[in-house]
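A closer look at the structure
Next come the chains, spelled out residue by residue.
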Amino acid sequence: MDSPQNPRIKPLPALIFSSRWLQLPLYLGLIVAQGVYVVLFVKELWHLVHGAFELNEQQVMLIVLGLIDVVMISNLLVMVIVGGYETFVSRLGIEGHQDQPEWLSHVNATVLKVKLALAIVGISSIHLLKTFIEAGTLGALPLCSAVAAGTKCTAMTEASVMWQTIIHCAFILSALGIAWTDRVMGGTSGANGKAH
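Here is what the cut-offs are and how they apply
- Residues numbered from 1 in each chain as written.
- Predicted model: local features only at pLDDT ≥ 70, side-chain atom pairs only at ≥ 80, totals over all residues.
- Heavy atoms only, no water.
- Axes fitted to C-alpha atoms, helices over the stretch in contact; angles between N-to-C directions.
- Helix = DSSP H or I, 4+ residues; strand = E, 2+ residues; numbered from the N terminus.
- Parallel < 35°, antiparallel > 145°, perpendicular 65-115°, else oblique.
- Nonpolar A, V, L, I, M, F, W, Y, C, P; charged D, E, K, R; others polar.
- Phe/Tyr/Trp six-rings, centres within 6.5 Å; stacked < 30°, edge-to-face > 60°.
- Buried < 20%, exposed > 50% of the residue type's maximum accessible area, 1.4 Å probe, protein only.
- Lys NZ or Arg CZ within 6 Å of the ring centre and 35° of its normal.
- Core = buried A, V, L, I, M, F, W, Y, C linked by side-chain atoms within 4.5 Å.
- Contact = heavy atoms within 4.5 Å.
- Polar contact = N/O pair within 3.5 Å; in protein donor to acceptor, adjacent residues only side chain to side chain.
- pLDDT = per-residue confidence, 0-100.
- Salt bridge = Lys/Arg side-chain N within 4 Å of Asp/Glu carboxyl O.
- Left-handed = near helix turned anticlockwise from the far one by under 90°.

This paragraph deals with the packing of helix H3 (residues 57–89) against helix H4 (residues 109–134). Where H3 meets H4, the closest approach of the two axes is 10 Å, and the angle between their N-to-C directions is 170°. In terms of orientation, H3 and H4 fall into the roughly antiparallel class. Looking at side-chain class alone, the contact of H3 with H4 contains 19 nonpolar, 7 polar and 4 charged residues.

Here you go:
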């Protein structure tokens, strides 16, 4: 006799339901990617510490922004790995653990989508800030595509700055749209719940 918590599932639904475990290698792959980001962070940090007396303020700021960028992408990876696994694959079984993330207790596909959108806007903001800092080299340095290797140059053009700004604004509008849709859907479901 099956318990109410674990009812017996027919073979075809059981196969379809078990297919969620195909996502496991994807999450394991993201853990490997996070390891690569740790290596990248240590490498950039070493570059910052090693060149502390030679680098100017702008170069230090760009490296620090790069470090922040790596941390934010790593945070995004944690959200996708932990939240995605909990939402789409299986429970982690960490309820009551002292290190359980606060946001994990109320995560679902919609909440995860909003958090990811906001994280992407944050990462895009860091990239745009780096672009604006480097924009001071516009016109001062030749384009890298037009000079020999080893010559000090810039890969930045006015068009690239403009397109990065437009793309960043598109990310912001997308995040606002997702958050607004989530709020409307939440209000609708709440109203339906009260109607019943």
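It is worth spelling out the packing of aromatic side chains at this point. Applying the stated criterion across every chain, the model contains 2 aromatic pairs. Ring plane angle 70° and centroid distance 6.3 Å describe the contact between Trp 21 and Tyr 85, whose orientation is recorded as edge-to-face. Of this pair, Trp 21 sits in the loop between helix H1 (11–18) and helix H2 (24–50) while Tyr 85 sits in helix H3, and the two are 64 residues apart along the sequence. Judged by its relative accessible area of 17%, Tyr 85 falls in the buried class. Seen in terms of ring centroids, Tyr 27 and Tyr 85 are 6.4 Å apart; in terms of plane orientation they differ by 80°. Their pairing is edge-to-face. In this pair, Tyr 27 is assigned in helix H2 and Tyr 85 in helix H3, connecting sequence segments 58 residues apart. In this pair, the class of Tyr 27 matches that of Tyr 85, namely buried. Three or more aromatic residues link up through ring pairs in this structure, and these residues are Trp 21, Tyr 27 and Tyr 85. Above the plane of the ring of Phe 17 lies Arg 20, whose end atom (NZ or CZ) is 3.9 Å from the centre.

Right, let's get into the nonpolar core. Formed by Ile 73, Leu 76, Met 79, Ala 119 and Ile 123, the largest nonpolar core amounts to 5 residues. Here this core gets 3 residues from one element, more than from any other, and that element is H3. For Leu 76, the contacting residues outside a window of four places in its chain are Leu 116, Ala 119, Ile 120 and Ile 123.

Looking now at the environment of Ile 94. For Ile 94, the location among the structural elements is in the loop between H3 and H4. In sequence terms Ile 94 and Leu 104 are 10 residues apart; their C-alpha atoms lie 9.8 Å from each other. For Ile 94, the residues in contact, after removing those within four places along its chain, are Gln 100, Pro 101 and Leu 104.

A few words now on the side chain of His 168. By the element assignment, His 168 lies in helix H5 (residues 158–195). A distance of 2.7 Å separates the side chain of His 168 from the side chain of Ser 124, its partner in a polar contact. Those residues within four positions of His 168 in sequence are excluded, and the remaining contacts are Val 121, Ser 124, Ser 125 and Leu 128.

With that settled, the discussion passes to the confidence of the model for the protein chain. In the predicted model, the protein chain carries a mean pLDDT of 80, and the fraction of residues at 70 or more is 80%. Mean pLDDT across the secondary structure elements of the protein chain bottoms out at H5, with 77, and peaks at H2, with 94.

On to the pattern of salt bridges, then. The tally for this structure, following the rule as stated, stands at 1 salt bridge. Close ionic contact of Arg 91 with Glu 86 constitutes a salt bridge, the shortest N to O distance being 3.1 Å. Residue classification places Glu 86 among the buried residues on the basis of a relative accessible area of 11%.

At a closest axis distance of 10 Å, the pairing of H2 and H3 adopts a crossing angle of 165°. Judged by the inter-axis angle, H2 sits roughly antiparallel to H3. Classified by chirality, the crossing of H3 by H2 is left-handed. Partitioning the contact of H2 with H3 into residue classes produces 24 nonpolar, 4 polar and 1 charged.

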